Amino acid sequence: MNSSEYVYLDYAATTPMDPQVIDVVEKHFKNTYGNPSSLHSAGQKAAKVLYNARTSIASLINADRKDIIFTSSGTEADNIAIQGVAHKNKDRGNHIITSSIEHHAVENPCKFLMKQGFDVTFLPVDKFGLVDPIKLQEEITNETILISIMFANNEIGTIEPINDIGEIAKDNDVIFHTDAVQAFGKIPIDVKELNIDLLSASAHKIYGPKGVGMLYMKNQGIRQNWGKYIDPIMFGGGHERNMRPSTENVPGIAGFGKAAEICEEELPIEINRQIKLRDRLIKTTLDSIDDSYLNGHPKKRLPNNANFGFKYVEGESILLDLDSGKIAASTGSACSSASLEPSHVLSAIGLTPQDAHGSLRVSIGRFTTEEEIDYFLEKIPPIIERLREISPVRK
Ligand SMILES: *Cc1c(COP(=O)(O)O)cnc(C)c1O
């Protein structure tokens, strides 16, 4: 490992852009200035860029091109899906089912809807972070209008039983949304086979630019179906089938399309390569450090995610020491703010607040090398050892 290099192991937070994506975005910033809604050729050139990106993105999840709606982020896609379905269907019922480990982009729109009189069930998960489809089935009532369960968790990497959930939703005639921001482009997804009605994704988690996302909306490609089961949450022009008004971010969307194409090409190779790296990372870390354990499911987990618990240490201290050692990772402890609340995900899988504070998420990606994993594996044991020596909570 060259000592001047920085080892980035936080791909679940965001990814560096692929150089090929940067080329595409740059090209369109320079050349594709037309408004895709304009009828002149500069506009039509921009419309063609959107068409191509939509095709590439749809292909990655076996969707129809016209069912892809561009948004400004994964968060916005989640908000349109949840608030849009709730408002459109409030005469049919006021009950929503979600899980207790959703990203804040799903959790907080649900909490906002509760203030407006909706009834939200936050399904518990088991110690691996799995939703139980039988419990889900039991919670469905005549009032249930929406199920929103994430495809894979951003902190612990657990992949949910989306196949079973989709079937249950279909059999009970309930709309099914999945936040697939972490899974999209990383594991195979087929929206038709899985009975998914709505799916959110984000470009910056798949080596594309920040500030671009999409919502797959089943059957929105046909004009008569526009808005049949979902309302927009923002009002303006008729862009994106009336679902998301705003002039589209053409260069960003072009980059998203290119990022999706590369993911589709690389998927079979990258899954196997990253699983090997991940499993070596997990095994060696657990073998070399006492009182350490894995959070999330050992097998049903994203190829790029490892989440460790280290007893008697603070995740934030580990992060600072790793950063001094030129390694970037993440923790479920006191994330991003002055809040001392442990992550709701780690609490939901049964960790005590103290143990949740000793968590470390290591997430890898397409640019992660064997040498980088070696470097992390060399650095981490002495860091944990040193922190435990000075820890006030050491047994
Ligand atoms: C990152 C992430 C989001 C938010 O996506 P943005 O494009 O950053 O708004 C939503 N859900 C999950 C699971 C994520 O990992």
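Residues numbered from 1 in each chain as written. Predicted model: local features only at pLDDT ≥ 70, side-chain atom pairs only at ≥ 80, totals over all residues. Heavy atoms only, no water.

What to know about the site of the ligand
What counts, and what does not: Nearness is judged by heavy atoms alone; a residue qualifies as near a molecule or strand once a single heavy atom is within 4 Å of it. Definition of a polar contact: a pair of N or O atoms within 3.5 Å, with one able to donate and the other able to accept a hydrogen when the atoms are protein atoms, and with sequence-neighbouring residues admitted only if both atoms are side-chain atoms. Calculation of accessible area relied on Shrake-Rupley with a 1.4 Å probe; when residues are assessed, cover is drawn exclusively from the protein chains displayed.
Neighbouring the ligand are 13 residues; T75, D179, Q182, S202 and K205 lie closest to it. In the model, an oxygen atom of the ligand is placed 2.7 Å from a nitrogen or oxygen of the Q182 side chain. K205 is positioned such that a nitrogen or oxygen atom in its side chain is 2.8 Å from an oxygen atom of the ligand. Isolated, the ligand exposes 380 Å² of accessible area, and the fraction of that covered by the protein chains is 89%.

Some remarks on the domain arrangement of the protein
The accessible area lost on association of the parts is a frequent measure of interface size. Stated precisely, the cut-off is as follows: Domain start and stop positions are those given by an automatic or database domain assignment. Contacts were defined at the residue level, with two residues in contact if any of their heavy atoms lie within 4.5 Å. Note on terms: buried area is the combined drop in 1.4 Å-probe accessible area of two parts once they are placed together, counting the loss on both. In the sections that follow, a salt bridge refers to a side-chain nitrogen of Lys or Arg positioned within 4 Å of a carboxyl oxygen of Asp or Glu.
Domains assigned within the protein are domain 1 (7-16 + 267-389) and domain 2 (19-260). Relative placement of domain 1 and domain 2: their C-alpha centres are 28 Å apart. Opposite the 31 residues of domain 1 that make contact, domain 2 presents 32 residues. Of the roughly 2500 Å² buried between domain 1 and domain 2, counting both surfaces, carbon and sulfur atoms make up 59%. Joining domain 1 to domain 2, the criterion identifies zero salt bridges.

Some details on the nonpolar core
Soluble globular proteins tend to bury their nonpolar side chains together. Note the cut-off: The definition of a nonpolar core used throughout is a set of buried Ala, Val, Leu, Ile, Met, Phe, Trp, Tyr and Cys residues joined through side-chain atoms within 4.5 Å. Residue exposure (1.4 Å probe, protein chains only): buried if accessible area is under 20% of the type maximum, exposed if over 50%, otherwise partly exposed. Numbering of helices and strands starts at the N terminus; helices are DSSP runs of H or I of at least 4 residues and strands are runs of E of at least 2.
Core analysis: the biggest nonpolar cluster contains 65 residues, and I61, I147, F151, L199, M214 and F256 have the highest contact counts within it. Within the residue set of this core, elements represented by two or more residues are α1 (19-31), α2 (41-60), β2 (68-71), α6 (162-171), β7 (198-202), β8 (213-217), α7 (250-288) and α9 (344-348). Here this core takes eight residues from α7, the largest share from any one element. Of the domains in this structure, domain 1 (7-16 + 267-389) and domain 2 (19-260) are the two that each give at least three residues to this core. Those residues in contact with F151, other than ones at most four positions away along the chain, are T158, I159, E160, I162, T178, D179, A180, A183, I187, I189, L194 and I196. Within the second largest apolar cluster, 25 residues are counted, among which are L9, L281, F310 and I364.

Some points on the environment of G213
Within the secondary structure, G213 is located in strand β8. Given the relative accessible area of 0%, G213 is considered buried. Taking C-alpha positions, G213 is 34 Å from E314, a pair spaced 101 residues apart along the chain.

Looking at the sheet that holds strand β12 (residues 359-363)
Backbone hydrogen bonds hold the strands of a sheet together, and the pairing may be parallel or antiparallel. Our working rule: Note: two strands are recorded as paired if DSSP finds a minimum of 2 bridges between them. To get an axis, fit a line to the C-alpha atoms, keeping to the stretch in contact for a helix; angles then go from 0 to 180 degrees between the N-to-C directions.
Within the open sheet, the three strands sit side by side as β9-β10-β12. Their pairing is antiparallel. In the strand order of this sheet, the two ends are held by β9 (292-294) and β12, each with one partner. Along the sheet, successive strands turn relative to each other by an average axial angle of 25°, direction set aside. Pairing of strand β10 (residues 305-310) with β12 involves five bridges; the strand directions are antiparallel.

Let's talk about the pairing of β2
Side chains of β2 alternate between two faces, with I68 and F70 and I69 and T71 buried alike. Where β2 lies against β8, four bridges are found, and the strand directions are antiparallel. Across the sheet, residue T71 finds its bridge partner in β8, namely G213.

As for the packing of aromatic side chains
Which entries qualify depends on this criterion: Each Phe, Tyr or Trp ring (for Trp, its six-membered ring) is paired with any other whose centre lies within 6.5 Å, and the angle between the two planes then decides the class: stacked below 30 degrees, edge-to-face above 60, tilted in between. Two conditions define a charge sitting above a ring: the NZ of Lys or the CZ of Arg must be within 6 Å of the ring centre, and it must be within 35 degrees of the ring normal.
Following the criterion strictly, the structure yields five aromatic pairs and no others. Taking the centre distance of 5.8 Å and the plane angle of 25° together, the rings of F308 and F310 count as stacked. An identical accessibility class is assigned to F308 and F310; each is buried. Grouped by ring-pair contacts, the aromatic residues Y8, Y11, Y207 and F367 constitute a single cluster. One cation-aromatic arrangement involves R366 over Y207; the distance from NZ or CZ to the ring centre is 4.1 Å.

Description of the packing of α2 against α7
Heads up, the condition is: Orientation labels follow simple angle bins: below 35 degrees gives roughly parallel, above 145 gives roughly antiparallel, 65 to 115 gives roughly perpendicular, and whatever is left gives oblique. Left-handed describes a crossing whose near helix is turned anticlockwise from the far helix by less than a right angle; the clockwise case is right-handed. Under the convention adopted here, Pro, Cys and the residues Ala, Val, Leu, Ile, Met, Phe, Trp and Tyr are nonpolar, Asp, Glu, Lys and Arg are charged, and Gly plus all remaining residues are polar.
The geometry of α2 relative to α7 is characterised by a closest axis approach of 8 Å and an angle of 30° between their N-to-C directions. Taken together, the axes of α2 and α7 are roughly parallel relative to one another. Classified by chirality, the crossing of α7 by α2 is left-handed. Residues A46, V49, L50, A53, S56, I57, S59 and L60 of α2 form the contact with α7, whose participating residues are V250, I253, A254, F256, G257, A260, E261, C263 and E264. Here the contact of α2 with α7 is composed, by residue class, of 12 nonpolar, three polar and two charged.

Examining the side chain of R361
Tracing the chain through its elements places R361 in strand β12. Of the polar contacts made by the side chain of R361, one reaches the backbone oxygen of N154; its length is 2.8 Å. Those residues in contact with R361 that lie beyond four places of it in its chain are L9, D10, A12, A13, N154, E155, N305, A306, N307, A329, S330 and T331.

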